[in-house]
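Below are the chains, spelled out letter by letter.
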Number of protein chains: 4
Amino acid sequence: MKSNILSWLQEGNIIVPALLFSEYRKLNLNEIELVLLLNILTFLEKGHEFPTPEELSARMTISVSDCNEMLRRLIQRGFIEITDEYSNEGIRFEKYSVKPLWEKLVDQFLINNKTNKEMDKKAEET
Amino acid sequence: MKSNILSWLQEGNIIVPALLFSEYRKLNLNEIELVLLLNILTFLEKGHEFPTPEELSARMTISVSDCNEMLRRLIQRGFIEITDEYSNEGIRFEKYSVKPLWEKLVDQFLINNKTNKEMDKKAEET
Amino acid sequence: MKSNILSWLQEGNIIVPALLFSEYRKLNLNEIELVLLLNILTFLEKGHEFPTPEELSARMTISVSDCNEMLRRLIQRGFIEITDEYSNEGIRFEKYSVKPLWEKLVDQFLINNKTNKEMDKKAEET
Amino acid sequence: MKSNILSWLQEGNIIVPALLFSEYRKLNLNEIELVLLLNILTFLEKGHEFPTPEELSARMTISVSDCNEMLRRLIQRGFIEITDEYSNEGIRFEKYSVKPLWEKLVDQFLINNKTNKEMDKKAEET
């Protein structure tokens, strides 16, 4: 009983900005791409920094080759990037970074804010 | 500058169990259904307890009628339910509950745990 | 077994900006005041918007009168405020807002950023 | 403007079970000990797995030697433990684990649940 709650706890939680769910369509992402990004985030959060297309597609409804192609396109379109890192012992490894996704989301957020302010201003003038 | 960070903060975050992303396929959900559930969760979190198909589909890539049909099917298949609540002043209102989703996820988690234990046991016996 | 995990889930989680833990001292808060604020946040998160000194001190190591005095001082020093809200049915109620705390935290964050940039600049010049 | 929101985002958030705030007193923790544990959690979350008493006390209102003593006592009383880990390259390092804290919290949660059920039963019998 206790051990089950503890292993549930160990699985952990992911924190996602609410804006990602309201704005992904405006960022030209579809639901499959969004879930692929959320899965990369989940792997990163667990310390697995470079999940393979096999690992990602195993939990999704898409094939390995479709997943591979989707990853390639997400990199090309500037949603994720692959960075080179070095361990404390100087060994090189690759990892995904979702920083470009957060940049796009912040851009969208600032555009929304600006539009809202302009609409407020217009409403006041009339 | 400050006001932008504050309004970013105000948008809030959603906490999602990491297991939802690794197990949704085993629960027979596809990516569009998963994102629909996550959007309901986001509305609930913000205190908007009964988002309409119009509000949900507006942020997704599906039409209002497809969204409507998907909601109907998710209720039928036992992922969400509509409950009757009463405000402090005794006025009735409807709200979505995602409790059935968490129940299914916990069931799946317990099945996984059991299978793992049996596999460990078999591995020990051989 | 299952019901225990579900009731654990129902207790919920609180999201706290990591900066609050690294900066509270710079905001002139001590640990008891910080935990009092975190407890108010927890009550708010659960939809209980105006916890009493009795409810707050019951889970802390301070007496009701000390808690009362601490709440008064936190309002005076601009960390929390009491706002008037109206229910859908037009009935007035009071609630705590921790928005002033987030404002102070963002101010401190911007000061840190500025200081870091100036130090980087000085380091470059020498 | 954008860079400030991005660096705010980068500071990250900590997820804390709401139960920790309602139950820490029952676990015989005071507010300073609780905040010390939350600070260890924050460092762990950021990938810094063995913060020193100097680093911890620098953000708290206690001295280095008091912090050192408090860490010693929290290990002795079974709230945290120091574990030996090995990097991919086979180099040994120490890290804090807060797993014992979660175990104590789950124990307390199960005791509460049991007490509630017994009280419900008694209420029904009378």
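**Q** Requested: an account of the overall build of chain A, with residues and values cited.
**A** Within chain A, the regular secondary structure consists of six helices and three strands. For 126 residues, the compact-globule formula gives about 14 Å, and the C-alpha radius of gyration of chain A, at 19 Å, lies well above that figure. In terms of principal-axis extent, the alpha carbons of chain A reach across some 60 × 45 × 35 Å. Taken across its 126 residues, chain A has 46% of its residues classed as buried. When contacts within chain A are restricted to residue pairs at least 6 apart in sequence, those whose partners lie at least 24 apart make up 51%. When the accessible area of chain A is evaluated, it comes to approximately 6600 Å², of which 48% is carbon and sulfur surface. Here chain A contributes 16 positive and 21 negative side-chain charges, whose respective centroids are spaced 4 Å apart.

**Q** Give me the relation of the copies chain A and chain B: which residues, what numbers.
**A** The two copies are related by a screw motion: chain A maps onto chain B through a turn of 180 degrees and a shift of 0.0 Å along the axis, at an RMSD of 0.0 Å. Classification of the inter-copy transformation places it as that of a two-fold axis. When each C-alpha of chain A is compared by its distance to the rotation axis, isoleucine 15 of chain A comes out closest, at 2.4 Å. Mapped onto chain B, 100% of the interface residues of chain A are again interface residues, and the two copies thus contact each other with one and the same surface.

**Q** Summarise the side chain of serine 7 of chain B; cite the residues concerned and give the values.
**A** Considering the arrangement of structural elements, one finds serine 7 of chain B in helix H1 (residues 2-11). Those residues in contact with serine 7 of chain B that sit more than four places away from it in its chain are Phe109 and Asn113 of chain A.

**Q** Mind laying out the interface of chain A and chain B, listing which residues take part and the relevant values?
**A** The partner chain B presents 36 residues to the 36 residues of chain A that form the contact. For the chain A and chain B pair, buried surface summed over both sides reaches about 3200 Å², with 65% attributable to carbon and sulfur atoms. Interface area lost by chain A to chain B is led by Trp8, Phe21 and Glu31 of chain A, which between them contribute 21%. Here chain A and chain B share zero salt bridges between them. Remark: the boundary between chain A and chain B carries twelve residue pairs in polar contact (both at pLDDT 80 or more). Put simply, the parts of the chain that give the side of chain A that touches chain B at least two residues each are helix H1 (2-11), strand S1 (13-17), helix H2 (18-23), helix H3 (31-45), helix H4 (53-58) and helix H6 (99-125) of chain A. Tallying contributions element by element places H3 of chain A first for the side of chain A that touches chain B, with seven residues. Looking at side-chain class alone, the side of chain A that touches chain B contains 20 nonpolar, eleven polar and five charged residues. As paired elements, S1 of chain A and strand S1 (residues 13-17) of chain B share five bridges and run antiparallel to each other.

**Q** With reference to specific residues and values, describe the environment of leucine 29 of chain D.
**A** Along the chain, leucine 29 of chain D falls in the loop between helix H2 (18-23) and helix H3 (31-45). In sequence terms leucine 29 of chain D and leucine 74 of chain D are 45 residues apart; their C-alpha atoms lie 9.3 Å from each other. For leucine 29 of chain D, the residues in contact, after removing those within four places along its chain, are Thr61 of chain C together with Tyr24, Leu37, Leu74, Arg77, Phe79 and Leu101 of chain D.

**Q** Describe the nonpolar core, and please don't skip the residues or the numbers.
**A** By size, the foremost hydrophobic cluster in this structure holds 149 residues, and its most contacted members are Leu38 of chain A, Leu38 of chain B, Leu38 and Leu101 of chain C together with Leu38 of chain D. A total of nine residues in this core trace back to one element, the largest contributor, which is H3 of chain A. The contact partners of leucine 38 of chain D, leaving out residues within four places of it in the chain, are Phe21 and Leu38 of chain C together with Val16, Leu20 and Phe21 of chain D.

**Q** So what's going on with the interface of chain D and chain C? Residues and values would help.
**A** When the parts come together, some accessible area is lost, and that loss is often what is quoted as the size of the interface. Contacts between chain D and chain C engage 36 residues on the former and 36 residues on the latter. Carbon and sulfur atoms supply 65% of the area buried between chain D and chain C, which totals about 3200 Å² over both sides. When the buried surface of chain D facing chain C is broken down by residue, Trp8, Phe21 and Glu31 of chain D rank first, second and third, together holding 21% of it. Across the chain D-chain C interface, the total number found is zero salt bridges. Linking chain D with chain C are 13 residue pairs in polar contact (both at pLDDT 80 or more). Elements supplying a minimum of two residues to the side of chain D that touches chain C: helix H1 (2-11), strand S1 (13-17), H2, H3, helix H4 (53-58) and helix H6 (99-125) of chain D. By residue number, the principal contributor to the side of chain D that touches chain C is H3 of chain D, which donates seven residues. Looking at side-chain class alone, the side of chain D that touches chain C contains 20 nonpolar, eleven polar and five charged residues.

**Q** Go over unusual backbone geometry, please, and point to the residues and values.
**A** All names here are of chain B. The phi angle at asparagine 28 is positive, at roughly 65 degrees, despite the residue not being glycine. Following the sequence through the fold, asparagine 28 ends up in the loop between helix H2 (18-23) and helix H3 (31-45). Given the relative accessible area of 58%, asparagine 28 is considered exposed.

**Q** An account of the relation of the copies chain D and chain C is requested, with residue identities and associated values reported.
**A** When chain D is brought onto chain C, the operation consists of a screw motion whose angular component is 180 degrees and whose axial shift is 0.0 Å, with 0.0 Å RMSD remaining. Both copies contact each other with a shared surface, as 100% of the interface residues of chain D are interface residues in chain C too.

**Q** Describe the pattern of salt bridges, listing the residues and the values that go with them.
**A** Applying the stated criterion across every chain yields a total of 32 salt bridges over all chains. The salt bridge partner of aspartate 107 of chain C is lysine 2 of chain B, with a shortest N-O separation of 3.3 Å. Taken together, the positions of aspartate 107 of chain C in helix H6 (residues 99-125) and lysine 2 of chain B in helix H1 put the pair across two chains. Using a relative accessible area of 31% as the deciding quantity, one classes aspartate 107 of chain C as partly exposed. Its salt-bridge partner being arginine 77 of chain D, residue glutamate 33 of chain D comes within 3.0 Å of it at the nearest N-O pair. In this pair, glutamate 33 of chain D is assigned in helix H3 and arginine 77 of chain D in the loop between helix H5 (64-76) and strand S2 (81-86), connecting sequence segments 44 residues apart. Judged by its relative accessible area of 11%, glutamate 33 of chain D falls in the buried class. The exposure class of arginine 77 of chain D is partly exposed, given its relative accessible area of 23%.

**Q** Report on the packing of aromatic side chains, specifying residues and quantitative values.
**A** Evaluated as defined, the whole model comprises eight aromatic pairs over all chains. A centroid spacing of 5.2 Å and a plane angle of 90 degrees characterise the contact between tryptophan 8 of chain A and phenylalanine 109 of chain B, whose relative ring orientation is edge-to-face. Remark: phenylalanine 109 of chain B occurs in helix H6 (residues 99-125) and tryptophan 8 of chain A occurs in helix H1; the pair is interchain, linking two chains. By relative accessible area, tryptophan 8 of chain A is classed as buried at 7%. Residue classification places phenylalanine 109 of chain B among the buried residues on the basis of a relative accessible area of 3%. In this structure, lysine 104 of chain B is placed above the aromatic ring of phenylalanine 79 of chain B, and the distance from its NZ or CZ to the ring centre is 4.9 Å.

The rules behind the values
Residues numbered from 1 in each chain as written. Chains lettered and ligands numbered in written order. Predicted model: local features only at pLDDT ≥ 70, side-chain atom pairs only at ≥ 80, totals over all residues. Heavy atoms only, no water. Helix = DSSP H or I, 4+ residues; strand = E, 2+ residues; numbered from the N terminus. Rg over C-alpha atoms; globule rule 2.2 N^0.38 Å. Buried < 20%, exposed > 50% of the residue type's maximum accessible area, 1.4 Å probe, protein only. Contact = heavy atoms within 4.5 Å. Areas by Shrake-Rupley, 256 points an atom, 1.4 Å probe, with all protein chains shown as cover. Lys, Arg positive; Asp, Glu negative; His and termini not counted. Charge placed at Lys NZ, Arg CZ, Asp CG, Glu CD. Least-squares fit on C-alpha atoms with pLDDT ≥ 70 in both. Buried area = accessible area lost by both parts, 1.4 Å probe. Salt bridge = Lys/Arg side-chain N within 4 Å of Asp/Glu carboxyl O. Polar contact = N/O pair within 3.5 Å; in protein donor to acceptor, adjacent residues only side chain to side chain. Nonpolar A, V, L, I, M, F, W, Y, C, P; charged D, E, K, R; others polar. Pairing = 2+ DSSP bridges. Core = buried A, V, L, I, M, F, W, Y, C linked by side-chain atoms within 4.5 Å. Phe/Tyr/Trp six-rings, centres within 6.5 Å; stacked < 30°, edge-to-face > 60°. Lys NZ or Arg CZ within 6 Å of the ring centre and 35° of its normal.

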